Amino acid sequence: MKIVPQVSLITIIEVVAILVGAFSGFIEARRKRMDIVGVFIVAFITAFGGGTMRDVLLDKRPLFWVQHQEYTILLFVVAIIAAPFIKQIRHIVSERLIVIADAVGLGLFAVASVSQALAAGMPLFVAAMMGVITGIFGGVLRDIVCNEVPMVFRDGKPYAICAFFGCWFYIGLQYTSVSDDFALWSSAALITALRLISWKFDLKLRGP
Amino acid sequence: MKIVPQVSLITIIEVVAILVGAFSGFIEARRKRMDIVGVFIVAFITAFGGGTMRDVLLDKRPLFWVQHQEYTILLFVVAIIAAPFIKQIRHIVSERLIVIADAVGLGLFAVASVSQALAAGMPLFVAAMMGVITGIFGGVLRDIVCNEVPMVFRDGKPYAICAFFGCWFYIGLQYTSVSDDFALWSSAALITALRLISWKFDLKLRGP
Amino acid sequence: MKIVPQVSLITIIEVVAILVGAFSGFIEARRKRMDIVGVFIVAFITAFGGGTMRDVLLDKRPLFWVQHQEYTILLFVVAIIAAPFIKQIRHIVSERLIVIADAVGLGLFAVASVSQALAAGMPLFVAAMMGVITGIFGGVLRDIVCNEVPMVFRDGKPYAICAFFGCWFYIGLQYTSVSDDFALWSSAALITALRLISWKFDLKLRGP
């Protein structure tokens, strides 16, 4: 039982996912011409929405942004510092970099959630869905608040489905003798790779 | 105390309501040209949204789709099998049949929720509202995700109000000597009948 | 420890905030041409949405509208009585009065929530955010259900930010020797004053 390294692993996972999520919320809220308060709250919802939904569904308290008050303060400070430079940041940060960071966030966040759901005694299929929900619901809530049909449901680009496969891969690894660290990182890497490959080759899901 | 039959009664109630709800979410998501992932998740939200909201508000865990993992797997398998045939299914299944199945689902689901709310010690008025909320919030969440004003709030067709009367009928029956099975079925039947009668005669609620 | 006066203080706070919230939900739902059921439910969501979200996030049960069934019944009865006279009421009640009542509700509701969040052991920054969330999320949920981008995020008028400053003022007062009653009322008054001043002089926040 290596408790300590695993906690710090999940901490890294969460901080990366939070900053990437906040950035996407920030951009979308600005596009909708929201004021500074709206932009901050949408960034906050995008960053913490998926994890909050997971915690509410699992009835886990304190919520992870309550337990780690430093995350919310970090986000607040970053938002205040970054706000005036957001145009310059967008010119420096290419779309490619955003997609890559987002894919890393998706993988890490989804796998962390499956891990927590299994630890909370969820059945396997539910745990896999919890991973997917956590991975995508920040963006879903962002789009609902911005009065759009959620992008992840309509753009046909494989996203949730990459998380779904990676979550099952992680669950499968629980029945092998690999270490939990390896299971976490390899599953997250698989999700990130699936996402980047499908983006690179512009793969599309069809509607039913 | 006939615990076992009542549990199976509520199980039947939930499965019917889930499949009907999922179908309506599926249709609405396709109309919005969502991809396969979006269609499945909207079907899932429509099917489980009302019950999940009830469970979160009552703080009941595990959520019923977690406790009954088989429901989520059933829905997943049905969605995968049914997706390619959805056009044919829509031609076979008349609007009349959808309205009838939905009315049955509304009655059964609302009454099951009032029963659970009373068992959880909710006050009477709150229990009645919990029945209504559960009966309609799957559809409300579906419409919010699909970026529409919820149909149930604007089409003027009696729907929530049928559930409201039936829920009070069920509460009233608690003060009589009728069996709980009779109370459940007769109240659900009353809601279904009110809904079908108001649909048949095209009754309309006015705005205030 | 003056428990009794403080409880009644918070009761007054909540009733004022509920009626003001319900009225704004009622007006917005009518503007969207909803039927009587939609109007009532949107009024209910606007009135109780912020507090319900606070209670769900803090995992506090029973929800305050469950604990105080009389609030929901009050709202129901008021809605039924007021509905036919809503046009006349709008002519009598000036916009000025609505803004003032809403500002009072914002102040009282936000401060009451910070107080509860601190009592529940939340960290300071989280408690301040909980006050803001509670103060604005009734309106946010109202606008989401009415299929609008939330007004509070886009109109540039200081609203959430007034609550934010007032919540920190209340938190600061915890470290002084003033009574809790004084802290509650003065902080609520500060929020109300900030809101009314920024409304009076038509102050605007810029987008980032």
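Residues numbered from 1 in each chain as written. Chains lettered and ligands numbered in written order. Predicted model: local features only at pLDDT ≥ 70, side-chain atom pairs only at ≥ 80, totals over all residues. Heavy atoms only, no water.

Engineer: It is not clear to me how the overall build of chain A should be interpreted in this structure. Could you clarify?
Structural biologist: Across its full length, chain A holds ten helices and zero strands. Walking chain A from its N terminus toward its C terminus, one meets helices and strands in the order α-α-α-α-α-α-α-α-α-α. A compact globule built from 208 residues should have a C-alpha radius of gyration of about 17 Å, and chain A, at 17 Å, falls within 12% of that. Across its three principal directions, the C-alpha atoms of chain A cover 50 × 40 × 30 Å. Scored against the burial criterion, the 208 residues of chain A give a buried share of 54%. Total accessible area on chain A stands at roughly 9000 Å², and carbon and sulfur atoms take up 68% of it. Here chain A holds 18 positive side-chain charges and 14 negative ones, and the gap between their average locations is 8 Å. (Helix = DSSP H or I, 4+ residues; strand = E, 2+ residues; numbered from the N terminus. Rg over C-alpha atoms; globule rule 2.2 N^0.38 Å. Buried < 20%, exposed > 50% of the residue type's maximum accessible area, 1.4 Å probe, protein only. Areas by Shrake-Rupley, 256 points an atom, 1.4 Å probe, with all protein chains shown as cover. Lys, Arg positive; Asp, Glu negative; His and termini not counted. Charge placed at Lys NZ, Arg CZ, Asp CG, Glu CD.)

Engineer: Can you help me understand the interface of chain A and chain C in this one?
Structural biologist: Between chain A and chain C, the contact holds 30 residues from the first and 32 residues from the second. Summing the contributions of chain A and of chain C, the shared interface buries around 2400 Å²; its carbon and sulfur component is 74%. Looking at the side of chain A facing chain C, the largest losses of area belong to A:D35, A:R61 and A:N147, adding up to 22% of the total buried there. Counting across the interface, chain A meets chain C through zero salt bridges. For the side of chain A that touches chain C, the secondary structure elements donating two or more residues are α1 (3–31), α2 (36–58), α3 (64–67), α4 (69–82) and α7 (124–145) of chain A. (Contact = heavy atoms within 4.5 Å. Buried area = accessible area lost by both parts, 1.4 Å probe. Salt bridge = Lys/Arg side-chain N within 4 Å of Asp/Glu carboxyl O.)

Engineer: Can you help me understand the relation of the copies chain A and chain C in this one?
Structural biologist: You can overlay chain A on chain C at an RMSD of 0.0 Å; the transform is a turn of 120° with a shift of 0.0 Å along its axis. When the rotation and shift are considered jointly, the pair of chain copies conforms to a three-fold rotation axis. Of the C-alpha atoms belonging to chain A, the one lying closest to the rotation axis is found on A:N147, 3.8 Å away. A share of only 13% of the interface residues of chain A reappears at the interface of chain C, consistent with the copies meeting through non-equivalent patches. (Least-squares fit on C-alpha atoms with pLDDT ≥ 70 in both.)

Engineer: Just checking my understanding: could you explain unusual backbone geometry for this structure?
Structural biologist: Residues apart from glycine generally show negative phi values, whereas peptide bonds are mostly found in trans. The amide bond that connects B:R61 to the next residue, B:P62, takes the cis arrangement and shows omega of -5°. Tracing the backbone shows B:P62 in the loop between α2 (36–58) and α3 (64–67). Phi angles above zero are rare outside glycine, and A:D59 is one such case at about 55°. Within the secondary structure layout, A:D59 lies in the loop between α2 and α3. With a phi close to 60°, C:R33 is a non-glycine residue in the positive phi region.

Engineer: Can you help me understand the relation of the copies chain B and chain A in this one?
Structural biologist: To go from the first copy of the chain to the second, apply a rotation about an axis and then a shift along the same axis. Screw-axis analysis of chain B against chain A gives a translation of 0.0 Å along the axis, an RMSD of 0.0 Å, and a rotation angle of 120°. Mapped onto chain A, only 13% of the interface residues of chain B again fall at the interface, so the copies present different surfaces.

Engineer: For this particular structure, what's the right way to read the interface of chain B and chain A?
Structural biologist: Many structure descriptions define interface size as the accessible area lost when the parts assemble. Listed as interface residues are 30 residues of chain B and, on the opposing side, 32 residues of chain A. Summing both partners gives a buried area of about 2400 Å² for chain B against chain A, and 74% of it is carried by carbon and sulfur. On the chain B side of the contact with chain A, B:D35, B:R61 and B:N147 bury the most area, a combined 21% of that side's loss. Taken together, the connections running from chain B to chain A amount to zero salt bridges. Joining chain B to chain A, the criterion identifies seven residue pairs in polar contact (both at pLDDT 80 or more). Elements represented by at least two residues in the side of chain B that touches chain A include exactly α1 (3–31), α2, α3, α4 (69–82) and α7 (124–145) of chain B. (Polar contact = N/O pair within 3.5 Å; in protein donor to acceptor, adjacent residues only side chain to side chain.)

Engineer: Would you mind showing me how to read the packing of aromatic side chains here?
Structural biologist: Between two aromatic rings, the relevant description is the distance of the centres plus the angle of the planes. All names here are of chain B. Tallied over the entire structure, the rule returns 39 aromatic pairs over all chains. Taking 6.3 Å as the distance between ring centres and 45° as the angle between the ring planes, the aromatic pair formed by F40 and F44 counts as tilted. Residue F40 and its partner F44 are both found in helix α2; the two are separated by four residues, about one turn of the helix. Residue F40 shares its accessibility class with F44, and that shared class is buried. Between F48 and W65 the ring centres are 6.3 Å apart and the planes differ by 40°, which places this aromatic pair in the tilted class. Placement of F48 in helix α2 and of W65 in helix α3 is noted, with a sequence separation of 17 residues between them. (Phe/Tyr/Trp six-rings, centres within 6.5 Å; stacked < 30°, edge-to-face > 60°.)

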